[in-house]
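# Per-entry structural report
Residues per chain, in single letters:
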Amino acid sequence: MESSTTPKLILDNLSDKSRACISNLQTYFQSQKGLDLSHTKFKLAAVLVLLYEQDGLLRVLLTTRSKLLRTHAGQTALPGGKKDPADPNLIATAFREAHEEVSLPDPCESVFFLGTLDPFISLHKLLVTPVVAYLSDSSLLSTLKAADGEVSQIFSHPLEAILDPSVCLSENLVAKGSEDWPYEDELYNTSDSVVAMLNNTSYRMHRFRTSASPIKGLTADILIRTAQIGYNKPPVYERYAPNQLQHIMDVIQAITSP
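Residues numbered from 1 in each chain as written. Predicted model: local features only at pLDDT ≥ 70, side-chain atom pairs only at ≥ 80, totals over all residues. Heavy atoms only, no water.

As annotated in an unreviewed UniProt entry, the chain carries the name Nudix hydrolase domain-containing protein and is attributed to Panaeolus cyanescens.

### Points about the sheet that holds strand β10 (residues 201–208)
Strand order in this open sheet of 3 strands is β9-β10-β11, and the pairing throughout is antiparallel. A single partner strand is all that each edge strand has here, and the edge strands are β9 (188–195) and β11 (215–216). Across 8 bridges, the pairing between β9 and β10 is antiparallel. Looking at β10, one finds that Asn-189 is bridged to Arg-207. Contacting β10 and β11, helix α4 (residues 217–231) runs over the sheet at an angle of about 85° to β10. (Pairing = 2+ DSSP bridges. Helix = DSSP H or I, 4+ residues; strand = E, 2+ residues; numbered from the N terminus. Contact = heavy atoms within 4.5 Å. Axes fitted to C-alpha atoms, helices over the stretch in contact; angles between N-to-C directions.)

### Concerning the packing of aromatic side chains
Counted according to the given criterion, the structure contains 5 aromatic pairs. The interplanar angle of 75° and the centroid separation of 4.8 Å between the aromatic rings of Trp-181 and Tyr-183 together place this pair among those described as edge-to-face. Looking at Trp-181, the relative accessible area reads 0%, which means it is buried. Taken together, Tyr-188, Phe-208 and Tyr-237 form an aromatic cluster joined through their ring pairs. Just above the ring of Tyr-240 sits the side chain of Arg-239; from NZ or CZ to the centre is 4.3 Å. (Phe/Tyr/Trp six-rings, centres within 6.5 Å; stacked < 30°, edge-to-face > 60°. Buried < 20%, exposed > 50% of the residue type's maximum accessible area, 1.4 Å probe, protein only. Lys NZ or Arg CZ within 6 Å of the ring centre and 35° of its normal.)

### Some details on the state of the cysteines
Under the definition given, this model contains 0 disulfides. With no disulfide of its own, Cys-21 lies closest to Cys-168 among cysteine sulfurs, the gap being 16 Å. Free cysteine: Cys-108, not disulfide-bonded; nearest cysteine sulfur from Cys-21 at 20 Å. For Cys-108, a relative accessible area of 10% translates into the label buried. (Disulfide = S-S within 2.5 Å.)

Here it is as structure tokens:
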């Protein structure tokens, strides 16, 4: 894993839109101090948001979890998991888990660490820190291998399609009405529900149709945040349920305060 500064030569090889996205992410991360998680009683976890360019579009590496797993079976996930006592930090956690789940080399000279987002709260009371990185050599993807019993498939999705689902109209998407997209909506589906962890306020579930399992829940939330920073624009849909954002901020502050 390289430093947090992506070499100019790497950026010069990107399309204008991809270059701007990576640059915006770098600028954002350089301006952030990060939250102190040393006082929280929540268990810590990290996921890897690995970006790479293909045909002028930034894509994000995703997995479908095995249906044999006890939690979130068959759901879309970013490579990641709980922090191990031996992990020096959450960045190491994300890369270790990516190595275990999809055989991403660790360290890897083609992977450039960009930064970390503030943690997200999972419904299993985990504080999940997204670790964002850029893969400069997409040929490495052909060497990845899904971990038996953990990952059923590896796939990708255009990052910008998380803000505007119409971007993925040219993708080879799963069939409507299938197990992986049982909705009438063409590309995007949403619903609001009351969640106890958010002080019984509403949570907006976003679902995105893909070439594999749908992107939804925490994974969708993380990618929405990443895409908003990178592309410096809001999504074409309404992001939050009424009062959801304020409650999220209140809960995060409460669990990260000494």
